[in-house]
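# Structure at a glance
What follows is the residue order along each chain.
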Amino acid sequence: MTGVDISPTALDRAARHAAEAQVADRTAWERHELGRTFPAGSYDLVGALYLQSPAGLDQQGVLRSAAAAVAERGTLLIVLHAGWPSWQTRPPFEAVFPTLDGVLEELALPEREWTVETRETVRRRSVSPEGLDGHRDDHVWRLRRN
């Protein structure tokens, strides 16, 4: 397994958790600024999670790289925010909240090569920094490469 994040802190935490779970010998951790660098290789499972960022991340470029890295019969799991949290009155930065149809069109994934296995939007509780209770909707999409 290869885990990727831009944050050294997140990678250190993940490595500690892997050691505690006694799977450290089966894991590798790589720091990448997705959109600029991407892990080499082909994988059975590629996860692209929460790509909305104030840093101006190239969502479509990252998703293209992620799809290209999925091995035959592998899975691409995409989890993206569907919009701002219910308590957010003013967007703190410009963000793109794509639909699955829009992502599929943009990536131009051949239908004969990919099957959409999961297409859902999940609502979860979300609390503001000031403690306001609310919710946030997230898209969960699972695609399998045939």
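Basis of the calculations
- Residues numbered from 1 in each chain as written.
- Predicted model: local features only at pLDDT ≥ 70, side-chain atom pairs only at ≥ 80, totals over all residues.
- Heavy atoms only, no water.
- Pairing = 2+ DSSP bridges.
- Helix = DSSP H or I, 4+ residues; strand = E, 2+ residues; numbered from the N terminus.
- Axes fitted to C-alpha atoms, helices over the stretch in contact; angles between N-to-C directions.
- Core = buried A, V, L, I, M, F, W, Y, C linked by side-chain atoms within 4.5 Å.
- Buried < 20%, exposed > 50% of the residue type's maximum accessible area, 1.4 Å probe, protein only.
- Contact = heavy atoms within 4.5 Å.
- Parallel < 35°, antiparallel > 145°, perpendicular 65-115°, else oblique.
- Nonpolar A, V, L, I, M, F, W, Y, C, P; charged D, E, K, R; others polar.
- Salt bridge = Lys/Arg side-chain N within 4 Å of Asp/Glu carboxyl O.

Bringing the sheet that holds strand β4 (residues 70-81) into the picture now. Strand order in the open sheet made by the 4 strands is β3-β4-β6-β5, with mixed pairing throughout. Where the open sheet ends on each side, the last strands, each with one partner, are β3 (43-49) and β5 (114-127). In this sheet, adjacent strand axes meet at a mean angle of 15° when their direction is disregarded. Taken together, the 6 bridges between β3 and β4 define a ladder with parallel strand orientation.

A word on the nonpolar core. In this structure, L63, L76, I78, W114, W141 and L143 are the most contacted members of the largest nonpolar core, which totals 19 residues. Among the secondary structure elements, those contributing two or more residues to this core are β3, α2 (59-68), β4, α3 (100-107) and β6 (133-145). With sequence-adjacent residues up to four places away left out, I78 is seen in contact with A48, L63, V103, H139, V140, W141 and L143.

On to the packing of α2 against α3, then. Between α2 and α3, whose axes approach to 10 Å, the crossing angle comes to 70°. Classed by the angle they form, the pair α2 and α3 counts as roughly perpendicular. Across the interface between the two elements, Q60, L63 and R64 of α2 pack against V103, E106 and L107 of α3. Among the residues forming the contact of α2 with α3, the class breakdown is 3 nonpolar, 1 polar and 2 charged.

A word on the pattern of salt bridges. Taken as a whole and assessed by the stated rule, the structure comprises 8 salt bridges. Its salt-bridge partner being R119, residue D101 comes within 2.8 Å of it at the nearest N-O pair. One end of the pair, D101, is in helix α3; the other, R119, is in strand β5, with 18 residues separating them in the sequence. R119 sits in the partly exposed class, given a relative accessible area of 49%. Its salt-bridge partner being D137, residue R123 comes within 2.8 Å of it at the nearest N-O pair.

Keep in mind that these numbers describe shape and distance, not what the molecule does.
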